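# Structure at a glance
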Amino acid sequence: MIDENIENSWKELLQEEFSKKYFQKLKKFIKEEYSTQKVYPKGSLIFNAFNYCSFDDLKVVILGQDPYHGYNQAHGLSFSVLSDIKKPPSLVNIFKEIQNDIGKKIPESGNLEHWAKQGVLMLNSILTVRKSEPGSHREKGWESFTDAVVDIISQKTSKKVFMLWGAYAQKKGKKIDRNKHLVLEAAHPSPFSAHTGFFNTNHFSRCNEYLNLYNIQEINW
């Protein structure tokens, strides 16, 4: 069952989603994929983003596309890799922008769990992928599920910061209520697009300024 390893506050909010026909179909597909293919992340880490960041602790949402498809890279948090894994180019560019924006030194590790523990939901739109096949689990149901997550956050909370990098994330964030939340948009941090509008956008300082405005503890990026 792919819905068993999810933090309780999210489980309650998403119970209705888990029972929908598309999700039952998705579950069947995922079960088959994990038993016949090499799929990332490990089954126990599919909902890692939710398990590290409960609904009540949520401050920031960073939307990714699908998990890294290389060996042992993905661990359920968008853009993050495990500590002993080489930092992918997009993540290197994220760290460069943080350094440029707030002066923080680029870390050795690409593991972003410490962001998640502070209330950053690092949510991929698609939560699983076959090894070496980016986009292989596209349009199987994950997009509907993560759309529902974004809608719940938009409707049931206020004063959250959404970071939407690239056209895909921006399209997914179209329904976010911008009267209640701060939505920061930029080009994707990929080497193909970072220089066309990701660098020098100062999303990290702007996020913290917004949180400070409402006396919410800022993120230690």
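Before going into details, it helps to say that this report is about the structure given with it. (Residues numbered from 1 in each chain as written. Predicted model: local features only at pLDDT ≥ 70, side-chain atom pairs only at ≥ 80, totals over all residues. Heavy atoms only, no water.)

### Here we look at the pairing of strand E3 (residues 120-124)
Under the convention used in this document: Exposure classes here rest on a 1.4 Å probe applied to the protein chains alone. A residue is buried below 20% of its type maximum, exposed above 50%, and partly exposed in between. Secondary structure elements follow DSSP: runs of H or I no shorter than four residues count as helices, runs of E no shorter than two count as strands, and numbering proceeds from the N terminus. Pairs of strands are assigned from DSSP output, requiring at least two bridges between the strands.
Counting buried positions along E3 gives 5 out of 5 residues, so the element sits mostly inside the fold. Side chains Val120, Met122 and Asn124 project from E3 onto one buried face, and the interleaved Leu121 and Leu123 project onto a second face that is buried too. Taken together, the 5 bridges between strand E2 (residues 60-64) and E3 define a ladder with parallel strand orientation. Bridge pairing in E3 places Ile62 opposite Met122.

### Quick notes on the nonpolar core
Put simply, the test is: Grouping buried Ala, Val, Leu, Ile, Met, Phe, Trp, Tyr and Cys residues that are joined through side-chain atoms within 4.5 Å yields what is termed a nonpolar core. In this description, contact between two residues means that some pair of their heavy atoms is separated by no more than 4.5 Å.
Counting 65 residues, the largest nonpolar core has Phe50, Trp115, Leu121 and Trp221 as its most contacted members. Sort the elements by how many residues they give to this core and helix H6 (residues 142-156) lands first, with 6 residues. In this view, Leu121 contacts Trp10, Ala49, Phe50, Cys53, Leu58, Val60, Val61, Ile62, Val149 and Ile153; residues no more than four positions away in its chain are not counted.

### Comments concerning the environment of Gly119
Along the polypeptide, Gly119 turns up in the loop between helix H5 (113-116) and E3. Each C-alpha atom, one on Gly119 and one on Ala49, is 10 Å from the other, the two residues being 70 residues apart in sequence. When near neighbours in sequence (up to four residues on either side) are disregarded, Gly119 contacts Cys53, Asp57, Leu58, Lys59 and Val60.

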